[in-house]
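The chain contents come next:
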Amino acid sequence: MKLTLRIWRQAGPAEPGRMVAYEVPDANPDMSFLELLDVLNERLTLEGEDPVTFDHDCREGICGSCGVVINGQAHGPRALTTTCQLHVRSFADGDVIDIEPWRSVAFGVLKDLMVDRSGLDRIIQAGGYISAPTGSAPEAHSTPVPKPIADTAFDNATCIGCGACVAACPNGSAMLFTSAKVTHLNSLPQGAPERASRVLNLVEAMDAEGFGGCTNTGECTNACPKGIPLDSIATLNREYLRASLGRK
Amino acid sequence: MSFYKLGDDIADTTAPDVPIEQRWDKRRFDAKLVNPANRRRHSVIVVGTGLAGGAAGATLAEQGYHVIQFCYQDSPRRAHSIAAQGGINAAKNYRNDGDSVYRLFYDTVKGGDFRARESNVYRLAQTSTQIIDQCVAQGVPFAREYGGLLDTRSFGGVQVARTFYARGQTGQQLLIGAYQALSRQIDAGNVEMHARTEMLDLIVIDGRARGIVARDLITGEISTYIADAVVLATGGYGNVFYLSTNAKNSNASAIWRAHRRGAYFANPCYTQIHPTCIPRSGDHQSKLTLMSESLRNDGRIWVPKNPGDTRSPDQIPEDERDYYLERIYPGFGNLVPRDIASRAAKNQCDLGRGVGPGGLGVFLDFADAIKRMGEAAVREKYGNLFEMYDRITGEDPYKVPMRIYPAIHYTMGGLWVDYDLQSTIPGCFVIGEANFSDHGANRLGASALMQGLADGYFVLPPMLGNYIASNKFDKVDASHPEVAATVAEATGRLDRLLSIDGVRTVDSFHRELGEILWDECGMARSEDGLRKALGRLPELREEFWRSVKVPGTGASLNQSLERANRVSDFLELGELLCVDALHREESCGGHFRVESQTPDGEARRDDDRFAYAAAWEFGGTGGTPILHREPLEFDYVHLAQRNYA
Amino acid sequence: MNFWRSTIGKKTVMAVTGLLMLLFLIVHMLGNLKIFFGPTDFDHYAHWLRTIGDPVLHESWYLWIQRFVLVVVVVLHAVSAYQLSRRDLKARPTKYSHHQRAKAGYATHIMRYGGITLALFIIYHILDFTTLTLNRHGVDGDAYDNVVSSFSVWWVTVIYIAAMIFLGLHIQHGFWSAAQTLGYNRPSRDRTFKVAATSLAVLLTVGFLIVPVSVLAGLVD
């Protein structure tokens, strides 16, 4: 397969960037999308050019490191699929593919396709946890958790923190990310004591990072490789309203 | 020519000499304590933020120590613990099915093929129950039953249901729990977190670990960090094989540099191979993906009887298929242990009966299961895995048989540690997959998560306190000659990599290293093969230092340089791996020597000669490593050969 | 104050004020239909609007209270929208060079422009029928004739038709969005809220447009 990759190249955070076209004449349909970039990078290296920088690690869709916007879609055309799990067979011979970094004022470009997502960590640090110092835990069965609640918590806890929701949102909003954490922890009985302070602190941190607001476009949930539902944002809003009205 | 020197025996002197069930209590009681008010003044470096590192960093910070923590990823939430699928063992006995701490201990020692230290394993089993309590309190959403209580399942052929799980993402959920606890301490200012920062070397002063040299991967800046103790939680070295189920950037540099500085490396040849991975699709393959071995419960493994048969599987009639596991092991069939299933697949491929690209694959067929249970039932049970397979291969497993092939998955070997988890460098502690301590020659399913969290949450913190309370720490700053020398060495190494400007990429060397190790030191190892590898590896290392091409500079973000530095360590580690495999002339657990097998092809241990852990002292680059043996005594679990035929 | 400063707080204000306006519009639309009962009834109704509350309240006090509340509501809605939009645009300064294919519907897409259009329309509408500044007939108290005079001109009717279509689209996304923002939405209720939003949108658009279209068609003269 012959593919043309138009890739965002930017030497550093303060440098200007631009789209640069590269031909990959020998792409194999069974390659993963990142392996396609690997092949290009091997060639660039030998030709004395700077290889393309991109984040990646587990390459099995769970660590949340990778993520680029492919033809205007975060993580590319396949639903519920991270960039590393996307394969070249999703494209056709002769395709021109645009590859760009996540765009949001809160995600500065570090180099090429790599961005700074530390804002998401700071949101969690603001209260995305249950305070349970090691050793203080009661017997695991002392608090039964109804299965539907455990399932809701789990569905939201599967967020991999890749930032695709922010990249896809026309407002660069981190509401889906934040709502997944609030829904995960606030729905569990273990999370109840910090329920109000958690949501208030997380939202404050989220706003402070410069992420945009939610306009309920649903682009986030469409891009989410783990299928975190839009419903979680309603839960976040509900929790926030509840906490703001002073209910513990 | 001898490829190693024999040094003095080594022994763990820290486990108290009391009955095994009292050892951990006694050790904790004997341990010195640090006054809570003084803890602030003591700093600890933790390298890595996986289950072990994340748990340790959070716990030490909660106790009041000043923690300086590092990870090469952009966030402490991404370490490869996150990819563990199956579950975590704990001797809760919620099922009332006869489980106990003693049984978990027993299973682990036996599963490790009698090459683990009993004291450590017993403590692991003891601690397991606390881990579940801790994780539930943190909000880890384990699978639950309708009554609201925790669900468990039996895993990897174990007779009791002691495995707790969170769908197929247990590692992710446990890691997020540890990450959240760590985040809380970062916010409180007790943990100074350095993400995207990679350890380059260990600083040893007056024989004690006192800090690390690390590189900021964004700016390229090289800095020193000084502390009272250093904890390495940097995971395993499976990527020495290039293709493994590890994350692409997982590396052994931290433990290898510590090894070069004096930490002994134990049992490097104990590597675990997982039989149900998706085969490689071509030369571009960058990593391998594991699928849960639960697939073997209903899938049937076969190859065409005729070598080189390229017909599509549905064109191969029943009588031209060889369901080789069912044929060779009628008792266990497709459910034989991991190493046996893996080796059998390799043997079939060696006979030319492999399927798929390069003939490196065997069929895992669900046609019978679909006929028997109906497609809906198969979908219900394995839907997620089938989707994953489809996503990666583009083939629909409901219609055509899956292709699977074994892949490197976990490394039982690692830095040698005593009962306190301290390496042979005082003040350098090693936890999780990075150490060698608990799994012997083979790890049981769902035990990796248990060990990482046991080490990080419960075992390391009191022992680290003991070390700090027992020592005085002079102030050290960057101008100290040892610090300056270590920095100069690390910087010099990077400069040298950049200056070679050769003709081969880093990956091409890594790939070649992986191929040599996989062929000669993979699923089956022979003296001839290992000697061949030991002939080729030094040449490859020298060629690397002569002709690798690393573009760019060290003063900026440079992923090629990062990889080159890691591969330079893998090249050295690969040699030690082969030396260890060559010296151990027995088969045990994940280490299969073709010379040591029973007439029907089963692994044969040699307890008279090899009932010891092999702790290797660094003998210089290209030099001769020195073997220190730690004899293993089995006072509680009696030595026995396993038999599956 | 923290609540107002937060993005979710502002969105809540938008949702609540939006729902209040929606309530007003429903009443407004139903009142408009009174025109089909003839000039006497309609003018009487228009006059009554100014004296609601009498004699408890003095003559047009209620009217002014309502006007005041509506102005506050509109201003709060608009200020939140403005501030949030500015923030949202700042949060995503760089567009993708490959056009992003939006998966959300058109109604979602045009909320901002629709809102601005509606604000301009309201000003025009007040100048037309409240202050009568732009009204061709322009006689205070002659509500029926004022309406007929405006809508007899084709292009005024066209403006109204366009504005009401924008209003419908605004409500279609806005109503469901309010349910989401106020946290009332659940997966089990999502469909109901979406159907309700579309029904309200169609009802109000059609209800408001019946009058000008009827005038233009000569059914009301």
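Residues numbered from 1 in each chain as written. Chains lettered and ligands numbered in written order. Predicted model: local features only at pLDDT ≥ 70, side-chain atom pairs only at ≥ 80, totals over all residues. Heavy atoms only, no water.

A count of helical and extended segments in chain C gives 9 helices and 0 strands. Across its three principal axes, chain C shows a C-alpha extent of roughly 55 × 40 × 35 Å. Taken over 221 residues, chain C has a buried fraction of 39%. In chain C, the share of contacts with a sequence separation of at least 24, taken over all contacts with a separation of at least 6, comes to 68%. Only carbon and sulfur atoms are counted for the fraction: they give 70% of the accessible area of chain C, which is about 12600 Å². (Helix = DSSP H or I, 4+ residues; strand = E, 2+ residues; numbered from the N terminus. Buried < 20%, exposed > 50% of the residue type's maximum accessible area, 1.4 Å probe, protein only. Contact = heavy atoms within 4.5 Å. Areas by Shrake-Rupley, 256 points an atom, 1.4 Å probe, with all protein chains shown as cover.)

All names here are of chain B. Summed over the entire model, instances satisfying the criterion amount to 76 salt bridges over all chains. Residue Asp107 pairs with Arg162 through a salt bridge whose shortest N-O separation is 2.9 Å. Of this pair, Asp107 sits in helix 4 (residues 101–111) while Arg162 sits in the loop between strand 5 (152–153) and strand 6 (163–164); the two residues are 55 residues apart in sequence, bridging distant segments of the chain. Each member of the pair, Asp107 as well as Arg162, is classed as buried. Several salt bridges converge on common partners, so that one network encompasses Asp113, Arg115, Arg584, Glu586, Arg605 and Asp607. (Salt bridge = Lys/Arg side-chain N within 4 Å of Asp/Glu carboxyl O.)

Glancing now at the side chain of Ser149 of chain C. By the secondary structure assignment, Ser149 of chain C is in helix 7 (residues 143–151). Of the polar contacts made by the side chain of Ser149 of chain C, one reaches the backbone oxygen of Asn146 of chain C; its length is 2.9 Å. (Polar contact = N/O pair within 3.5 Å; in protein donor to acceptor, adjacent residues only side chain to side chain.)

On to the side chain of Ser292 of chain B. All names here are of chain B. Positionally, Ser292 belongs in the loop between strand 13 (271–277) and strand 14 (300–304). Among the polar contacts made by the side chain of Ser292, one reaches the side chain of Ser294 at a distance of 3.0 Å. Ignoring sequence-local partners within four residues, the contact set of Ser292 consists of Gln85, Thr276 and Leu385.

Counted by the stated rule, this structure contains 19 cavities of 30 Å³ or more. Reported here for the largest cavity is a volume of approximately 970 Å³. Forming the walls of the largest cavity are 49 residues, and the residues nearest its centre are His80, Ser81, Gly235, Tyr410 and Glu433 of chain B. If you list the elements that add at least two residues to the lining of the largest cavity, you get helix 3 (51–63), strand 8 (197–205), strand 17 (402–411) and helix 12 (448–470) of chain B. Looking at the lining of the largest cavity residue by residue, the classes come out as 19 nonpolar, 24 polar and 6 charged. There are two domains that each give the lining of the largest cavity at least three residues, and those are domain 1 (5–87 + 107–144 + 166–272 + 410–470) and domain 2 (275–407) of chain B. Quantified by volume, the second largest cavity comes out at close to 190 Å³. Forming the walls of the second largest cavity are 17 residues, and the residues nearest its centre are Asp55 of chain A together with Tyr72, Asn249, Gln559 and Glu562 of chain B. Residue classes in the lining of the second largest cavity are distributed as 5 nonpolar, 5 polar and 7 charged. (1 Å grid on protein atoms, 1.4 Å probe; cavity = no way out; pocket = protein on both sides within 12 Å on 5 of 7 lines; lining within 4 Å. Points joined across faces, edges and corners; volume = space filled by probe spheres on them. Nonpolar A, V, L, I, M, F, W, Y, C, P; charged D, E, K, R; others polar. Domains from an automatic or database assignment.)

One finds Leu202, Ile212 and Leu232 of chain B to be the most contacted residues of the largest nonpolar core, which totals 151 residues. A per-element tally of this core places helix 16 (residues 559–583) of chain B first, with 12 residues. Apart from residues no more than four positions distant in its own chain, Leu232 of chain B is found in contact with Val47, Met199, Ala254, Ile255, Ala258, Leu415, Cys428, Phe429, Val430, Ile431 and Ala434 of chain B. Judged by nonpolar contacts, the second largest core, of 122 residues, contains Val115 and Ala168 of chain A together with Met29 and Ala143 of chain C. (Core = buried A, V, L, I, M, F, W, Y, C linked by side-chain atoms within 4.5 Å.)

A separate point is helix 12 of chain B. Residue and element names in this part refer to chain B. With 23 residues, helix 12 should cover 33 Å at 1.5 Å per step; its first-to-last C-alpha distance of 31 Å lies within 8% of that length. Along its length, helix 12 reaches its greatest deviation from straightness, about 50°, at Leu460, and the proline Pro461 lies no more than four positions downstream. Within helix 12, 19 of the 23 residues are buried, leaving the element largely enclosed by the surrounding structure. (Expected span 1.5 Å × (residues − 1). Bend = angle between axes of the 7 residues up to and from the residue.)

On to the interface of chain C and chain A. Listed per partner, the contact involves 37 residues of chain C and 43 residues of chain A. Taken together, the two surfaces of chain C and chain A that pack against each other cover about 3200 Å², and 49% of this comes from carbon and sulfur. There are 1 salt bridge connecting chain C and chain A. When contributions to the side of chain C that touches chain A are tallied by element, the ones reaching two or more residues are helix 1 (2–5), helix 2 (7–32), helix 4 (61–91) and helix 8 (154–181) of chain C. (Buried area = accessible area lost by both parts, 1.4 Å probe.)

Let us now look at the pairing of strand 8 of chain B. Regular strands show a simple pattern: their side chains alternate between the two faces of the sheet. All names here are of chain B. Most of strand 8 sits out of view: 9 of its 9 residues are buried. Where strand 8 and strand 9 (residues 208–216) come together, 8 bridges link them in antiparallel fashion. When the bridges of strand 9 are listed, Leu202 appears paired with Ile212. Adjacent in sequence and paired antiparallel, strand 8 and strand 9 are bridged by 2 residues, among which Asp206 carries a positive phi angle near 50°. (Pairing = 2+ DSSP bridges.)

Between chain A and chain B, the residue contacts involve 76 residues of the former and 76 residues of the latter. For the pairing of chain A and chain B, the buried interface totals around 6200 Å² over both sides, and the portion due to carbon and sulfur atoms is 51%. Between chain A and chain B we count 5 salt bridges in total. We note a salt bridge from Arg117 of chain A to Asp74 of chain B, for which the minimum N-O separation is 3.1 Å. Viewed at the interface, chain B and chain A are joined by 42 residue pairs in polar contact (both at pLDDT 80 or more). Elements with a minimum of two residues in the side of chain A that touches chain B: helix 1 (33–46), strand 6 (109–111), strand 7 (114–115), helix 2 (118–125), helix 3 (147–157) and helix 5 (175–186) of chain A. Considering every element that reaches the side of chain A that touches chain B, the biggest residue donor is helix 3 of chain A, with 7 residues. Partitioning the side of chain A that touches chain B into residue classes produces 35 nonpolar, 22 polar and 19 charged.

This next bit is on the arrangement of the chains. Where the 2 pairs of chains in contact are concerned, the greatest contact count is recorded for chains A and B. A minimum C-alpha distance of 21 Å separates chain B and chain C, which share no contact.

Next up on the list: the environment of Val156 of chain C. The residue Val156 of chain C is located in helix 8 in this model. Not counting the four nearest positions on each side in its chain, Val156 of chain C is found in contact with Tyr124, Asp128, Ser150 and Phe151 of chain C.

Aromatic rings considered in pairs are described by the distance between their centres and by the relative angle of their planes. All names here are of chain B. What the rule picks out here adds up to 39 aromatic pairs over all chains. Relative to Phe634, the ring of Phe114 lies with its centre 5.6 Å away and its plane at 80°, an arrangement referred to as edge-to-face. One end of the pair, Phe114, is in the loop between helix 4 and helix 5 (118–138); the other, Phe634, is in the segment after strand 23 (626–631), and 520 residues separate them in sequence. Assessed through its relative accessible area of 1%, Phe114 is described here as buried. Seen from their ring centres, Trp416 and Phe436 are 6.4 Å apart, and the 25° between their planes marks the pair as stacked. Of this pair, Trp416 sits in the loop between strand 18 (414–415) and strand 19 (428–430) while Phe436 sits in the loop between strand 19 and helix 12; the two residues are 20 residues apart in sequence, bridging distant segments of the chain. (Phe/Tyr/Trp six-rings, centres within 6.5 Å; stacked < 30°, edge-to-face > 60°.)

Attention shifts here to the sheet that holds strand 4 (residues 88–89) of chain B. Within a sheet, each strand pairs with its neighbour through backbone hydrogen bonds, oriented either parallel or antiparallel. Strand order in the open sheet formed by 3 strands is 4-6-5 (chain B), with antiparallel pairing between adjacent strands. Sheet topology places strand 4 and strand 5 of chain B at the edges, where each strand pairs with a single neighbour.

Bringing the pairing of strand 11 (residues 229–232) of chain B into the picture now. Residues and elements named next belong to chain B. What you see with strand 11 is no split at all: Ala229 and Val231 on one side and Val230 and Leu232 on the other are buried throughout. As paired strands, strand 2 (residues 43–47) and strand 11 are joined by 4 bridges and run parallel to one another. Residue pairing across strands places Val46 opposite Val231, the latter belonging to strand 11. The pairing of strand 11 with strand 19 spans 3 bridges and is parallel. Looking at the pairing, Val231 lines up with Phe429 of strand 19.

So, about the confidence of the model for chain C. Mean pLDDT over chain C: 94, with 100% of residues reaching 70 or higher. Summarising per-element confidence for chain C, the mean pLDDT is lowest in helix 5 (residues 106–109) of chain C (86) and highest in helix 2 of chain C (97). (pLDDT = per-residue confidence, 0-100.)

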